[in-house]
Amino acid sequence: MKVIAVVGAKDAGKTTLIERLIPRLKKHGKVGCVKHAERLDFPAFVPSGDAAFRLKDTERMFSAGADVVLGVSEDFTMKICKQRRELDELVKEMEREGVDFLIVEGFKGSELPKILLDEEVSEKKNVDLCVRSGAISDDELDEIVKFILSLEDFKVRVK
């Protein structure tokens, strides 16, 4: 499994870059994502065809105090847990899911290979690729995909 973290300042375009990378990487295999956030907002909306539906009952069960809630529909399964899980554990979970490419948003202090979105493209410490934030051309996106494809498979450290 190839793993890459997309890091950068708030509103640098990390999620937009990830949205554009996903369909390109899906041509090469199964893609998973992990989002690091200060706070995760509810309600949760899940796409369903052209619409989205709110997982009202799932949210209510979680809000009532359940430690783990699994929402299951015809098309989706969603897991919500109260405990914070470590990145290594999340990477292992994605590996068990058979993911070929894992894109992590955030976790800038991790040991993962990193793409940094920054206003200035320059050599940065602890970064594997630096990309100017803002509009990224299709050619630049193709180069980023080539970079990800060239990565060695990530090995999770066993603690």
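As a starting point, this report considers the structure included with it. This one's a predicted model, so the numbers in the text were calculated from it and none came from an experiment.

## Considering the pairing of strand β1 (residues 2–8)
No. 1: With 6 of its 7 residues buried, β1 lies for the most part within the structure.
No. 2: Relative to strand β7 (residues 101–105), β1 is paired through 5 bridges, and the arrangement is parallel. In the sheet register, Ile 4 faces β7, and the bridge partner there is Ile 103.
No. 3: Here β1 pairs with strand β8 (residues 114–118) via 4 bridges, running parallel. In the strand pairing of β8, Val 7 is matched with Leu 116.

## Thoughts on the sheet that holds strand β2 (residues 31–35)
No. 1: Ordered in space as β2-β7-β1-β8-β9, the 5 strands form an open sheet in which the pairing is parallel. Looking at the sheet topology across the chains shown, the edges are occupied by β2 and β9 (129–132). The average angle at which neighbouring strand axes cross in this sheet is 20°, direction not considered.
No. 2: Two strands pair when backbone bridges link them, and β2 and β7 are joined in this way by 5 bridges, in the parallel orientation. Bridging across to β7, Gly 32 finds its partner in Leu 102.
No. 3: Of the strands in this sheet, β1, β2, β7 and β8 are in contact with helix α1 (residues 14–26), which crosses β7 at around 175°.

## Here we look at helix α3 (residues 87–96)
No. 1: Turning to α3, its buried residues are Leu 87, Leu 90, Val 91 and Met 94. One side of α3 carries all its buried residues, which in axial view fall inside an arc of 100°.
No. 2: Check the buried side of α3 and you find it contacts β1, β2 and β7.
No. 3: Gly 98 occupies a position one or two residues after α3 and carries a positive phi of about 80°.

## Here's the deal with the pattern of salt bridges
No. 1: Counting across every chain of the model gives 9 salt bridges.
No. 2: Salt-bridge contacts for Asp 153 lead to Lys 2; the nearest nitrogen and oxygen are separated by 3.4 Å. With Asp 153 in the segment after α4 (138–150) and Lys 2 in strand β1, the pair connects residues that are 151 residues apart, well separated along the chain.
No. 3: You can call Asp 153 partly exposed: its relative accessible area is 42%.
No. 4: Overlapping salt bridges bring together Arg 20, Arg 24, Asp 138 and Asp 142 as one network.

About the criteria used
- Residues numbered from 1 in each chain as written.
- Predicted model: local features only at pLDDT ≥ 70, side-chain atom pairs only at ≥ 80, totals over all residues.
- Heavy atoms only, no water.
- Buried < 20%, exposed > 50% of the residue type's maximum accessible area, 1.4 Å probe, protein only.
- Helix = DSSP H or I, 4+ residues; strand = E, 2+ residues; numbered from the N terminus.
- Pairing = 2+ DSSP bridges.
- Axes fitted to C-alpha atoms, helices over the stretch in contact; angles between N-to-C directions.
- Contact = heavy atoms within 4.5 Å.
- Arc of directions from axis to C-beta.
- Salt bridge = Lys/Arg side-chain N within 4 Å of Asp/Glu carboxyl O.

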